[in-house]
Structures are given as C-alpha cells and as structure tokens.
Amino acid sequence: MATTLIRKVRALPPEQGGRTPAAALTAFARSEDRRQAMLAGFDVHVAKPVEPGELVAVVSRLASGN
C-alpha cells in the first residue's frame, strides 16, 4: 500500500531520501482520503481523473520545493 511506503520513506533521514517529494495520485477522492494521505506523509493529494496540465503543475511544484 502506498501509505505504508511513504511512511517508510518519511522515516528515513533527509540525506537518505526522507524528504523526497511525493504525490498521492488516487481514485479515492473523499476529504477523509485526502486527510489520510497527508497524515501518511504525502506532500499533495491528487484525485483521479486528473487533467494533464494539473498533473504537470503538481509535479513542477513538488520539483521546485514549493
């Protein structure tokens, strides 16, 4: 499960990838799903279907550190 993976990544020290930007791209779109993804350690929650331009913007924002 993705939440298990991101929790393991976030447990790593920053120099070992613990702050790697991560987006939860999921079909689960309820506010509770978003909350769970954010609590697990994702930087952003994106519900499918997602427009290509929106996905590009999310990846760009994550890559820039904003």
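In what follows, the structure referred to is the one given above.
Counting of residues starts from 1 at the beginning of each chain's written sequence and follows it residue by residue. Local features in this predicted model are restricted to residues of pLDDT 70 or higher, and side-chain atom pairs are both shown and tallied only at a pLDDT of 80 or more, whereas totals for entire chains, interfaces and linings draw on every residue. Here the side-chain values reflect all heavy atoms present in the structure, with hydrogen atoms and water set aside.

Peer 1: Provide a residue-level description of helix H3 (residues 52-64), including the pertinent values.
Peer 2: Secondary structure elements follow DSSP: runs of H or I no shorter than four residues count as helices, runs of E no shorter than two count as strands, and numbering proceeds from the N terminus. By this rule the span expected of a helix is its residue count minus one, scaled by 1.5 Å. Compared with the 18 Å implied by 1.5 Å per residue over 13 residues, the 18 Å span of H3 between its first and last C-alpha is a close match. Positive backbone phi, at 85 degrees, marks Gly-65, one or two positions downstream of H3.

Peer 1: Quick one: what's the story with the side chain of Arg-10, residue by residue and with numbers?
Peer 2: With respect to the helices and strands, the residue Arg-10 is situated in helix H1 (residues 2-10). For every residue, the accessible area (1.4 Å probe, protein chains only) is compared with the maximum for its type, and the residue is labelled buried under 20%, exposed over 50%, or partly exposed between those bounds. Among the residues examined, Arg-10 registers a relative accessible area of 18% and is labelled buried. Between N or O atoms, a polar contact is any pair within 3.5 Å; within protein, one atom must be a potential hydrogen donor and the other a potential acceptor, and residues adjacent in sequence are included only when both atoms are from side chains. Among the polar contacts listed, one links the side chain of Arg-10 to the backbone oxygen of Gly-41, at a separation of 2.8 Å. There is a polar contact of 3.1 Å between the side chain of Arg-10 and the side chain of Asp-43. Here, residues are in contact when the closest pair of their heavy atoms is within 4.5 Å. Residue contacts for Arg-10: discarding those within four places in its chain leaves Gly-18, Arg-19, Thr-20, Pro-21, Ala-22, Ala-40, Gly-41 and Asp-43.

Peer 1: Give me unusual backbone geometry: which residues, what numbers.
Peer 2: In this structure, Pro-49 follows Lys-48 across a cis peptide bond, with omega equal to -5 degrees. You can see Pro-49 is positioned in the loop between strand E2 (44-47) and H3.

Peer 1: Go over the pattern of salt bridges with me, naming the residues and quoting the values.
Peer 2: Any carboxyl oxygen of Asp or Glu within 4 Å of a side-chain nitrogen of Lys or Arg constitutes a salt bridge here. Applying the stated rule across the entire model yields 4 salt bridges. A salt bridge links Asp-43 to Arg-10; its shortest N-O distance comes to 3.1 Å. Remark: Arg-10 occurs in helix H1 and Asp-43 occurs in the loop between helix H2 (31-40) and E2; sequence separation between them is 33 residues. Judged by relative accessible area, Asp-43 falls into the partly exposed class, the value being 28%. Glu-32 is paired through a salt bridge with Arg-35; the nearest N and O atoms lie 3.1 Å apart.

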